[in-house]
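The primary structure of each chain is shown beneath.
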Amino acid sequence: MESINALRKSALRRLRSIKHKEELRSFEVEFLGRKKGKLTAVLRRLGSLPHRERMSIGQEANTLRLELLEEINKKKNIFAEHAMQEILSKEAVDITFPPPKRPRGHLHPLTHIRLEAEEIFSSMGFSVIPGGPEVETEYYNFDALNIPSDHPARDLWDTFWISSRSSKVIDQKRKARGRSAFRVPTSKVLLRTHTSSVQVRHMESHQPPIRIIASGKTFRYEATDAKHDTEFIQLECLFVDKNVSVAHLKHTLSAFFQKMFSPKVAIRLRPSYFPFVEPGFEVDMRTAEGEWLEMLGAGMVHQQVLKNAGYIPGHWKGFAFGVGLDRIAMMKYKIPDVRLFRCGDVRFLRQF
Ligand code: DAH
C-alpha cells in the first residue's frame, strides 16, 4: 500500500512538470507500460498476496491506473490544442491583406478608339465584320471599286505593290488549297491602300440589306510627316438597302461624331470625288471649339460598284464612308505626331 502511495506521489509530481508530448509518452511507458511499467509491476505482484490484501491493494492500484490515464489524457488534449493553435497562427491567411501588385499590360490607344467606334456603330445597328485581308488583290482594292488601271484616279493612292513573283506564289498557293484563283486570273497583289476593299468582297457573299463596318490596317507608299504615316487604321462603313439617301449618310456620321467627341460637334459635306461613289463628299467636323476639320471621305455607292458585286443594276442604293482612326485618336488624345503611335516607345504608350 505504501509503495502505491509513493508511486502516486512521484507520478503526479512528474506529470505536473511535463511540457512535451514526447515526455508524456515516456511517462506513460514508465508507469503504465506493459512490460516494465512501475504500476504494472505492482499489479503483477498482486497474485502473490493473501486474498484480503489482494482485494484492497488491487482496487487501490487500479484507481491509480485510471487516475493516471485520465491525467495523461487531459495533458494530451492540452498539447493537441496548443499544436492546433500554433498551426493556425503560423499558417493563417489574412484575406483582407492587399495582394502584391503585378505588372499589367493595357490596350494600345488606337485599339481603344477602334473598340469605341465599333461600340458606337453596333449601338446604331451595324454589324462589325472582320476587317478583310491586308495583303489584297488589285481587283478588290481598285478595279471592283470602279478604278481601272488606266484611270488617273489611281494616282490618288500611293501603293505598295507586292512583287509579281510573290503574287504568283500566292495565286499558286490558293489553287493548291483548292480555292479558285483570284477573280482576275493574273491578279497583282498589293498592301491595301484603304478598307474600301472590303466592300465588294462582302457584297459578293451577302444580299442587302447591308449595314456593316470593318476596320483594319491600311498602307500608303509615301513619305511620312506629322500627319501621315505609311501605315494607318481605317474604318469602313457600308449601308445598302432600298430608298437610301444622303440624309441617312449625314445622320449616321453626325451621330457617330457626337458620340465619339461631344454632342456639340457638327458636320458638313463638301462635294468631292472618289470613283466608287456618286455623289462623293469630303466630310468636315466642327469641333466644340468652333474649328472645321476635314475628317473623311464618303458618298452614295456608285451603281457600277453594286453591279461589280453582282447585284441587279438599279435595284439597290447605298452609302459608304471610310474614316482614319489615327486621325480621331490624335484629336481625342491631343497627339501632335501620328508617328508616335507606331514608334514602339513605351514611355508614350504608358500614358494611356
Ligand atoms: N477609301 C477612301 C480613302 O481611303 C475613303 C473613302 C471615300 C471611303 C469615300 C468610302 C467612300 O467608303 O465612300 O481615301
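Fair warning: this is a prediction, and the values are worked out from it, not measured in the lab. (Residues numbered from 1 in each chain as written. Predicted model: local features only at pLDDT ≥ 70, side-chain atom pairs only at ≥ 80, totals over all residues. Heavy atoms only, no water.)

Draft legend 1. Representation of the domain arrangement of the chain within the structure. Here the domain parsing of the chain yields domain 1 (2–90) and domain 2 (109–349). Of note, the centres of domain 1 and domain 2, computed from C-alpha atoms alone, are 93 Å apart. (Domains from an automatic or database assignment.)

Draft legend 2. Main features of unusual backbone geometry. Residue Pro208 is joined to Pro209 through a cis peptide bond whose omega torsion reads 5°. Between Glu278 and the following residue, Pro279, the backbone shows a cis peptide bond with an omega angle of 0°. Take Pro279: it is sitting in strand 8 (residues 277–286). Non-glycine residue Asn146 carries a positive phi angle of around 70°. Following the sequence through the fold, Asn146 ends up in the loop between helix 6 (138–141) and strand 3 (160–161). A relative accessible area of 22% means that Asn146 is categorised as partly exposed. (Helix = DSSP H or I, 4+ residues; strand = E, 2+ residues; numbered from the N terminus. Buried < 20%, exposed > 50% of the residue type's maximum accessible area, 1.4 Å probe, protein only.)

Draft legend 3. The arrangement of the pairing of strand 5 (residues 210–219) in detail. Across the ten residues that make up strand 5, a large majority, eight, are buried. In the sheet, strand 1 (residues 127–128) pairs with strand 5 via two bridges, with the strands oriented parallel. Bridged to Val128 within strand 5 is Ile213. (Pairing = 2+ DSSP bridges.)

Draft legend 4. Representation of the packing of aromatic side chains. Using the criterion set out here, one finds 16 aromatic pairs in the structure. Pairing Phe126 with Phe239 gives two aromatic rings, centres 6.1 Å apart and planes at 65°, and the pair type is edge-to-face. Of this pair, Phe126 sits in the loop between helix 5 (109–123) and strand 1 while Phe239 sits in strand 6 (residues 231–241), and the two are 113 residues apart along the sequence. Relative to Tyr140, the ring of Tyr139 lies with its centre 5.1 Å away and its plane at 75°, an arrangement referred to as edge-to-face. Taking the relative accessible area as the measure of exposure, Tyr140 reaches 9% and is therefore buried. In this structure an aromatic cluster arises from ring pairing among Phe121, Phe126, Phe239, Phe256, Phe257, Phe261, Phe319 and Phe321. Its guanidinium or amino end placed over the ring of Phe31, Lys38 lies 5.2 Å from that ring's centre, counting from NZ or CZ. (Phe/Tyr/Trp six-rings, centres within 6.5 Å; stacked < 30°, edge-to-face > 60°. Lys NZ or Arg CZ within 6 Å of the ring centre and 35° of its normal.)

Draft legend 5. Highlighting the environment of Met1. Among the secondary structure elements, Met1 is positioned in the segment before helix 1 (2–17). Spatially, the C-alpha atoms of Met1 and Glu53 are 9.0 Å apart, while their sequence positions differ by 52 residues. Once you skip the residues sitting within four places of it in the chain, Met1 turns out to touch Ser56, Ile57 and Glu60. (Contact = heavy atoms within 4.5 Å.)

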